[in-house]
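Fold and geometry: a report
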Amino acid sequence: MRHAGHDVQVIEGRAETDAGTGAGISIWPNALAALDGAPPVAAYDGYGSCPLTVEAGKIVLADEINRASPKTQSALLEAMEEKQVTVEGETRALPWPFFVIATQNPVSSGGTFALPESQLDRFLMRVSLGYPAKAAEKSLLLGESRRDLLTRLEPLLQHDELRAIQDAVGHVRVSDALVDYVLRLVEATRTQPQFAWGLSPRGSLALLAAARAWAFLDGRDYVIPEDVQAVLPTVVGHRLRERADATGHGGGALVQWLLRDVVVSASPPGPAAPAQA
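Residues numbered from 1 in each chain as written. Predicted model: local features only at pLDDT ≥ 70, side-chain atom pairs only at ≥ 80, totals over all residues. Heavy atoms only, no water.

So, about the pattern of salt bridges. Scanning all chains against the criterion turns up 9 salt bridges. Its salt-bridge partner being D227, residue R220 comes within 2.6 Å of it at the nearest N-O pair. Each member of the pair, R220 as well as D227, is classed as buried. D261 serves as the salt-bridge partner of R260, at 2.9 Å between the closest nitrogen and oxygen. For D261, a relative accessible area of 37% translates into the label partly exposed. In this structure, a network of salt bridges that share partners links the residues D121, R202 and R239. (Salt bridge = Lys/Arg side-chain N within 4 Å of Asp/Glu carboxyl O. Buried < 20%, exposed > 50% of the residue type's maximum accessible area, 1.4 Å probe, protein only.)

Put into structure tokens, the structure is as follows:
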């Protein structure tokens, strides 16, 4: 399917983690995309009749998002913060659940539009996939076609199960001492000279939310500093830049500095102590 000079492909089969639908967007604009007034690719499905993010998928994969124009990037990322999409002046609410995954190739920057820091800040995490392990790549080479496997994917979660998990994560306990540790991490990014800028309040909220989820997955109803430290690289790495690094790839070194130099100091909540006889 094509619209406004872009390829739009609805993913075959179901999303493997959710019993909803998925949609994939391949961002490769051609000359048609340069026409004045061309609608953003995220705003329409392949038939130009309805908002893609409202009708076509609850899980949207935007492939190589840094090859999209700033206008298209803005249309895609509106959904992540506002929980809505706007198509030619008409605003529509998104379905629940709704999840955006975007990829970008960090090797070649030719013909790309780097996402501004304010847009990068909307992504909860950045995960670098790297190369597959030798055993995994051997399985890939000798195994069945991945496109054929898509047709047999089965959902792992129903919507009510996902809602219950999200509600449970929201009730994971966080102590004042733990929040103070998060605030010390955030304050360090805002005051130390090696940081080009500090973490935003959106970043600190994302860090705490991810730490809660990590604690839940570890079978606890309270957050400990190790939970914060476990998610820190993926949650804040893409939000940071070294002042002396013009390439913008120094977030990893800054995260390691935070882990090493920011003191935990206070104890988080733990299981309730047994009553004294």
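Here the narrative resumes.
With 27 residues, the main nonpolar core has L185, L207, V228, L240 and L258 as its most contacted residues. Going through the elements one at a time, α7 (176–191), α8 (201–217), α9 (225–236) and α10 (251–261) are the ones with two or more residues in this core. Here V228 is in contact with L178, Y181, V182, L185, L207, A211 and V223, once residues within four sequence places are set aside. By size, the runner-up hydrophobic cluster in this structure holds 11 residues, among which are M80, F98, V100 and F123. (Core = buried A, V, L, I, M, F, W, Y, C linked by side-chain atoms within 4.5 Å. Helix = DSSP H or I, 4+ residues; strand = E, 2+ residues; numbered from the N terminus. Contact = heavy atoms within 4.5 Å.)

This part covers the pairing of strand β5 (residues 84–87). Here β5 shows a buried face lined by V85 and V87 and an unburied face lined by Q84 and T86. Sheet topology note: the β5/strand β6 (residues 90–93) ladder contains 4 bridges and is antiparallel. Counterpart to Q84 in the pairing with β6 is A93. Counted along the chain from β5 to the antiparallel partner β6, the turn is 2 residues long, and its residue E88 has a positive phi close to 50 degrees. (Pairing = 2+ DSSP bridges.)

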